[in-house]
Amino acid sequence: EDDLNADFRAIAQYIKSRGMRKVDREAFYLSHGSYDMHGEDTLSEMFQEVNTSLGNFKDEMIRQNLWESVVIIMGSDFGRTITPNSHGGTDHAWGGNYFMIGGSLKGGKILGEYPERLSEASDIWTARGRLIP
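Because the structure is predicted, anything quoted here is derived from the model rather than measured.

Counted according to the given criterion, the structure contains 2 aromatic pairs. Measuring from ring centre to ring centre gives 5.0 Å for Phe 8 and Phe 57, while their planes differ by 45 degrees; the resulting arrangement is tilted. Of this pair, Phe 8 sits in helix α1 (residues 3-16) while Phe 57 sits in helix α3 (residues 43-63), and the two are 49 residues apart along the sequence. For Phe 57, a relative accessible area of 5% gives the class buried. Ring plane angle 90 degrees and centroid distance 6.0 Å describe the contact between Tyr 14 and Phe 28, whose orientation is recorded as edge-to-face. Linking Tyr 14 in helix α1 with Phe 28 in the loop between α2 (18-21) and α3, this pair joins segments that are 14 residues apart in sequence. The partly exposed category is assigned to Tyr 14, whose relative accessible area is 41%.

If you want it as structure tokens, here you go:
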């Protein structure tokens, strides 16, 4: 079992004890690092780990009849270049990404505007795949 899945499982077990602890609202924080990929790109494997862990956590919250009361917010502390560097990885850039999921959220929305062009022809392209947010 990967660390992220184990962390979500521990949170789910802790949530299950909320009645005994007499709480009705909690916030938890998880960190999942190693996304700083200047070299070898293992991003697809890491995304699969996140996807599996979130899916397992969601399934457990449904079993506990709590999914409609749960919101998960995920974010990145910095953006990445769109184009690869000379080592096949990516470098730091502006912006970042965030998303929210939860049983009672009205999803399917993207806030903000997506750039019309993700190329050097774009007015917000600076160099090497860096876009001004």
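Moving on to the pattern of salt bridges. Overall, the coordinates contain 3 salt bridges when judged by the stated rule. For Glu 60, the salt bridge is made with Arg 63, and the minimal N-O distance between the two is 3.0 Å. Highlighted residues: Glu 60 and Arg 63, both in helix α3, separated by 3 residues, approximately one helical turn.

What follows is about unusual backbone geometry. Residues other than glycine seldom take positive phi values, yet Asn 65 does so here, at roughly 60 degrees. Judged by relative accessible area, Asn 65 falls into the exposed class, the value being 70%. Positive phi outside glycine occurs at Arg 128, with the angle close to 45 degrees. Locating Arg 128 in the fold gives a position in the loop between β5 (125-127) and β6 (130-131).

On to a nonpolar patch on the surface. Together, Val 71, Ile 73, Met 100 and Leu 105 make up a nonpolar patch on the protein surface, roughly 370 Å² of accessible area in all. You can call Val 71 partly exposed: its relative accessible area is 45%.

For the chain, mean pLDDT is 87; residues scoring 70 or higher make up 96% of the total. Put simply, strand β2 (residues 79-80) is where the chain has its lowest mean pLDDT, 79, and α1 is where it has its highest, 96.

Cut-offs and rules
Residues numbered from 1 in each chain as written. Predicted model: local features only at pLDDT ≥ 70, side-chain atom pairs only at ≥ 80, totals over all residues. Heavy atoms only, no water. Phe/Tyr/Trp six-rings, centres within 6.5 Å; stacked < 30°, edge-to-face > 60°. Helix = DSSP H or I, 4+ residues; strand = E, 2+ residues; numbered from the N terminus. Buried < 20%, exposed > 50% of the residue type's maximum accessible area, 1.4 Å probe, protein only. Salt bridge = Lys/Arg side-chain N within 4 Å of Asp/Glu carboxyl O. Patch = residues over 30% accessible without salt bridge, like charges linked within 9 Å, V, L, I, M, F, W, Y side chains within 5 Å. Areas by Shrake-Rupley, 256 points an atom, 1.4 Å probe, with all protein chains shown as cover. pLDDT = per-residue confidence, 0-100.

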